[in-house]
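# Commentary on secondary and tertiary structure
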Amino acid sequence: MELELRHLKTVRAIADAGSLTRAATVLGLAQPALSAQLKRIERALGGALFERGRHGVRATALGELVLERSRIVLPAVTELQQEAARFARAPRTARHLRLGGTHGPLLGALVDRLADVAPDARMTTCTSWSERELAEQLADGRLDFALAGTCGSAEPPGAAGLVWREVAVDPVFVMVPEVHPVARRAEVDLTELAGEEWACVPGDGCFGDCFTAACARAGFTPRRMYETDTASLVHLVQVGRAVGLCRATFPTTPGIATRPLTGTPLAWRHLLGWHALTGRPDTAETVLAQARMAHAGVAASSDSYTEWMAAHRVP
């Protein structure tokens with residue numbers, strides 16, 4: 001049996017009700033039918049999702065994992081259905097969407113989502129390490145939309161006539177080799193890494209200054225910083241040359257553990273930008289909604305980020 005959305009809704013209903021009897025009433029099912037359905041779901045997922053007791057049911061470790069992911073997936077699908085309905089009612093004409101972004105998983109995830117909701121649109125992408133370059137391309141009409149970002153509450157790239165809307169805010173995590181002493185910690189205090197060398201991807205924002213300031217607050221000055229492309233950054237971390245800095249959505253990579261920093265001293269704000277005079281409001285809202293759902297999907301695929309969100313009660 002393949003897992004479907006209705007199965008996640010069933011698991012969610014059982015957890016919310018606290019017992020199979022109450023959940024069956026909410027779902028309009030007989031309890032034996034619900035019990036049989038739950039057993040099929042558990043077989044599909046490879047283990048028990050709930051422990052049964054005299055006072056109801058309690059989620060197992062596997063059940064908690066499924067519930068954590070469902071808290072991301074189910075609202076995102078509901079939002080998708082609502083947005084798709086609005087999109088289907090709007091006039092549709094074939095067009096060319098030119099999308100820009102900094103390097104990372106979000107741009108590809110956005111293209112994937114737009115390919116479903118706008119099957120008639122031709123899409124091209126442009127990537128750059130420079131948020132200012134992306135802003136200039138928007139201002140010049142060479143891009144329709146751009147995914148950029150800022151460190152914390154810093155202002156977005158400036159250019160006349162541009163509109164920037166927030167997609168999501170991620171904590172900045174550290175990347176360490178799997179054999180590093182802090183690799184299995186739930187969180188890592190920045191002071192524990194005071195003696196390390198560092199690596200991050202390039203950018204023309206204030207991230208470097210923000211990191212240096214965070215280190216100063218932790219009582220040390222960072223040693224050598226390597227500003228390099230993603231592949232080289234991953235290599236430097238894997239061989240133990242440096243500790244990497246990354247967004248929490250960084251994809252799972254062999255030989256590397258991504259861990260959150262205690263107190264979240266650094267955050268990255270994802271933004272979607274377009275030109276106010278050339279971007280159609282309905283198209284902009286569609287792209288923004290899809291960008292937010294793309295981020296939710298990317299976040300849900302990261303175990304370390306999912307664990308962090310659950311620990312910090314992030315919906």
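Per an unreviewed UniProt entry, the recorded name for the protein is LysR family transcriptional regulator, and the organism is Streptomyces rochei.

As a further point, take helix α6 (residues 131-139). Every α-helical turn comprises 3.6 residues, leaving residues that sit three or four positions apart pointing alike. Every buried residue of α6 is listed here: Glu 131, Leu 134, Ala 135, Gln 137 and Leu 138. The arc that holds every buried residue of α6, seen down its axis, measures 160°, which confines them to one face. On its buried face, α6 is in contact with β3 (96-101), β4 (122-127), β5 (145-151), β6 (162-177) and β11 (267-275). For α6, the capping residue at the N-terminal end is Ser 130, with a side-chain oxygen 3.4 Å from the backbone nitrogen of Arg 132.

On to the environment of Met 309, then. One can find Met 309 in helix α10 (residues 303-311). With relative accessibility at 9%, the residue Met 309 sits in the buried group. Once the C-alpha coordinates of Met 309 and Pro 171 are considered, the two residues, 138 residues apart in sequence, prove to be 10.0 Å apart. Setting aside anything within four residues of it in sequence, one finds Met 309 in contact with Ile 72, Ala 299 and Val 314.

Turning our eyes to something else, we now look at the pattern of salt bridges. Any two side chains of opposite charge can pair, given that their charged atoms come close. Evaluation of the coordinates by the stated rule reveals 11 salt bridges. Salt-bridge contacts for Glu 42 lead to Arg 52; the nearest nitrogen and oxygen are separated by 3.4 Å. Taken together, the residues Glu 42 in helix α3 (residues 31-45) and Arg 52 in strand β1 (residues 50-53) connect sequence positions 10 residues apart. For Glu 42, a relative accessible area of 10% translates into the label buried. According to the relative accessible area criterion, Arg 52 is partly exposed, its value standing at 45%. With its nearest N and O atoms 3.0 Å apart, the salt bridge here joins Asp 144 to Arg 98. Highlighted residues: Asp 144 in the loop between α6 and β5 and Arg 98 in strand β3, separated in sequence by 46 residues. With relative accessibility at 25%, the residue Arg 98 sits in the partly exposed group.

So, about the packing of aromatic side chains. Enumeration according to the criterion identifies 5 aromatic pairs in this entry. Centre to centre, the rings of Trp 198 and Phe 211 are 4.8 Å apart; their planes meet at 65°, and the pair counts as edge-to-face. In this pair, Trp 198 is assigned in strand β7 (residues 198-200) and Phe 211 in helix α7 (residues 207-217), connecting sequence segments 13 residues apart. Across this residue pair, the class does not change: Trp 198 and Phe 211 are buried. Ring-pair connections join several aromatic residues into one group, and the members of that group are Phe 173, Tyr 305 and Trp 308.

Here we take up the pairing of strand β9 (residues 243-247). Buried residues dominate β9, accounting for 4 of its 5 residues. As paired strands, β6 and β9 are joined by 4 bridges and run antiparallel to one another. When the bridges of β9 are listed, Met 175 appears paired with Gly 244. As paired strands, β7 and β9 are joined by 2 bridges and run parallel to one another. Residue pairing across strands places Trp 198 opposite Val 243, the latter belonging to β9.

With that out of the way, let us pick up helix α2 (residues 20-27). Listed in full, the buried residues belonging to α2 are Leu 20, Ala 23 and Ala 24. Down the axis of α2, the sector holding all buried residues measures 100°, keeping them to one side. The outward face of α2, more than 90 degrees from its buried face, is lined by the exposed residues Thr 25 and Val 26. Against α1 (5-17), α3, β1 and β2 (56-59) lie the buried residues of α2.

Here we take up the UniProt feature "domain: HTH lysR-type" (unreviewed entry) in the protein. In the UniProt entry, the feature "domain: HTH lysR-type" (unreviewed entry) is given for residues 3-60. The span residues 3-60 shows a helical share of 62% and a strand share of 14%, and its end C-alpha atoms are spaced 18 Å apart.

Cut-offs used in this document
- Residues numbered from 1 in each chain as written.
- Predicted model: local features only at pLDDT ≥ 70, side-chain atom pairs only at ≥ 80, totals over all residues.
- Heavy atoms only, no water.
- Buried < 20%, exposed > 50% of the residue type's maximum accessible area, 1.4 Å probe, protein only.
- Helix = DSSP H or I, 4+ residues; strand = E, 2+ residues; numbered from the N terminus.
- Arc of directions from axis to C-beta.
- Contact = heavy atoms within 4.5 Å.
- Polar contact = N/O pair within 3.5 Å; in protein donor to acceptor, adjacent residues only side chain to side chain.
- Salt bridge = Lys/Arg side-chain N within 4 Å of Asp/Glu carboxyl O.
- Phe/Tyr/Trp six-rings, centres within 6.5 Å; stacked < 30°, edge-to-face > 60°.
- Pairing = 2+ DSSP bridges.
- UniProt positions renumbered as here; feature names shortened; annotations may be inferred.

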